Structure formats: C-alpha cells, structure tokens
Amino acid sequence: METNRFDLRTWRRFKALAQPFFVSEIRLKAFTLLGVLVALSLTVNWVNAQMSYAAGYYMTALTERREHDFYRYLMLYALGFLVATPIAVFYRYSEEQLARLWRRWLTQRFVTRYLDRFNYYRINAEKRIDNPDQRIADEVRNFTGT
C-alpha cells in the first residue's frame, strides 16, 4: 500500500519553483497575501474549535434537559457560524488572489523562457511535447491552484 509522505525530492522541486517567486519584484505583495492567509487560517481554526466546544456543551445541555444552557450554547454556536463565514470567504478570496498573482508571474516567466533564444523551434522540432504553450498554461494553473 502506497502512503502519501513528505518527499525531500518533491520539496526540492517545489522550492525551485516557489523560491524565485518569493524573492521577485512582487515579493512584498506575495508575502502580504501569504501572511493574510496564515492569519485567516489560524482564525478560522480557532473559531471552529470554539464552535466545537459550544456544540459539545449544547448537546450536553440537551441531554441533561437544561433549557437555559441549551439556548445559550445554541446561540454561541450560531454566533460562531456568523463569525466564521465571512472569515472563510475572505480566506478563499485571499487564497485565489495569491494563486492568481503567482500564476501570472510564473506563466510570464515560463513563456519568456520558451520564447528566449528561439527555444520554441527546438521544442517544436522534437515533437515530444504537444502544444507547449498550452501545456505551460495548464501546468502553471494546476501548480498555482493547489
């Protein structure tokens, strides 16, 4: 059975693609979006933990027929949803903004390399790669999207 484990080779390949982005001319924007994502991720996880406690207390109050506590924890649980929803939406938006920024930067970098020194003639002559410009766009979209 194959397990998904952290692979040093995969990490090196990721680093080779990611490091130039985070030291490029747009690194400030990239790090800002990354910092926002980390902060929002921690916030969402904290709110989810609080909601989990509220749900546990809510169920306990329900089984022990404590009406006052039941409504109190039900309201806390609902409040958690009200707080978590806009945070989760903003997290997703920030994630997409970082992916879009990275995708634009990486696509420009790869296309520039593809067009540099007539590399496209060599690549097209080999016939190993079908439609290289489309492959660049697809691969970059897949990489930056995940």
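Structure: above.
Being a predicted model, the structure only gives us computed values, none of them experimental.

Counting through the fold element by element, Thr144 comes out in helix H5 (residues 132-145). Given the relative accessible area of 7%, Thr144 is considered buried. A distance of 2.8 Å separates the side chain of Thr144 from the backbone oxygen of Val140, its partner in a polar contact. With sequence-adjacent residues up to four places away left out, Thr144 is seen in contact with Ala99, Trp102, Arg103 and Leu106.

So, on to H5. The end-to-end C-alpha separation of H5 is 20 Å, in line with the 20 Å expected for 14 residues at 1.5 Å each. For H5, the full list of buried residues reads Pro132, Ile136, Val140 and Thr144. The buried residues of H5 all sit within an arc of 90° when viewed along its axis, so they share a single face.

With that out of the way, let us pick up the nonpolar core. One finds Phe21, Ala30, Leu98 and Trp102 to be the most contacted residues of the largest nonpolar core, which totals 14 residues. Counting only elements with at least two residues in this core, the list comes to helix H1 (8-22), helix H2 (27-63), helix H3 (67-115) and H5. It is H3 that provides the largest number of residues to this core, a total of six residues. Apart from residues no more than four positions distant in its own chain, Phe21 is found in contact with Ile26, Arg27, Ala30, Leu98, Leu101, Trp102 and Trp105.

A cluster of like positive charges, contributed by Lys29, Arg100, Arg103 and Arg104, occupies part of the molecular surface. Note that Lys29 resides in helix H2.

The final tally for this structure, using the stated rule, is five salt bridges. The shortest N-O distance in the salt bridge between Arg66 and Asp69 comes to 2.9 Å. Assessed through its relative accessible area of 17%, Asp69 is described here as buried. Between Arg92 and Glu96 there is a salt bridge, with its nearest N and O atoms 3.2 Å apart. One end of the pair, Arg92, and the other, Glu96, are both in helix H3, four residues apart, so they sit about a helical turn from each other. One network of salt bridges, with partners in common, ties together Glu64, Arg66 and Asp69.

Definitions and limits used
- Residues numbered from 1 in each chain as written.
- Predicted model: local features only at pLDDT ≥ 70, side-chain atom pairs only at ≥ 80, totals over all residues.
- Heavy atoms only, no water.
- Helix = DSSP H or I, 4+ residues; strand = E, 2+ residues; numbered from the N terminus.
- Buried < 20%, exposed > 50% of the residue type's maximum accessible area, 1.4 Å probe, protein only.
- Polar contact = N/O pair within 3.5 Å; in protein donor to acceptor, adjacent residues only side chain to side chain.
- Contact = heavy atoms within 4.5 Å.
- Expected span 1.5 Å × (residues − 1).
- Arc of directions from axis to C-beta.
- Core = buried A, V, L, I, M, F, W, Y, C linked by side-chain atoms within 4.5 Å.
- Patch = residues over 30% accessible without salt bridge, like charges linked within 9 Å, V, L, I, M, F, W, Y side chains within 5 Å.
- Areas by Shrake-Rupley, 256 points an atom, 1.4 Å probe, with all protein chains shown as cover.
- Salt bridge = Lys/Arg side-chain N within 4 Å of Asp/Glu carboxyl O.
- Lys, Arg positive; Asp, Glu negative; His and termini not counted.
- Charge placed at Lys NZ, Arg CZ, Asp CG, Glu CD.

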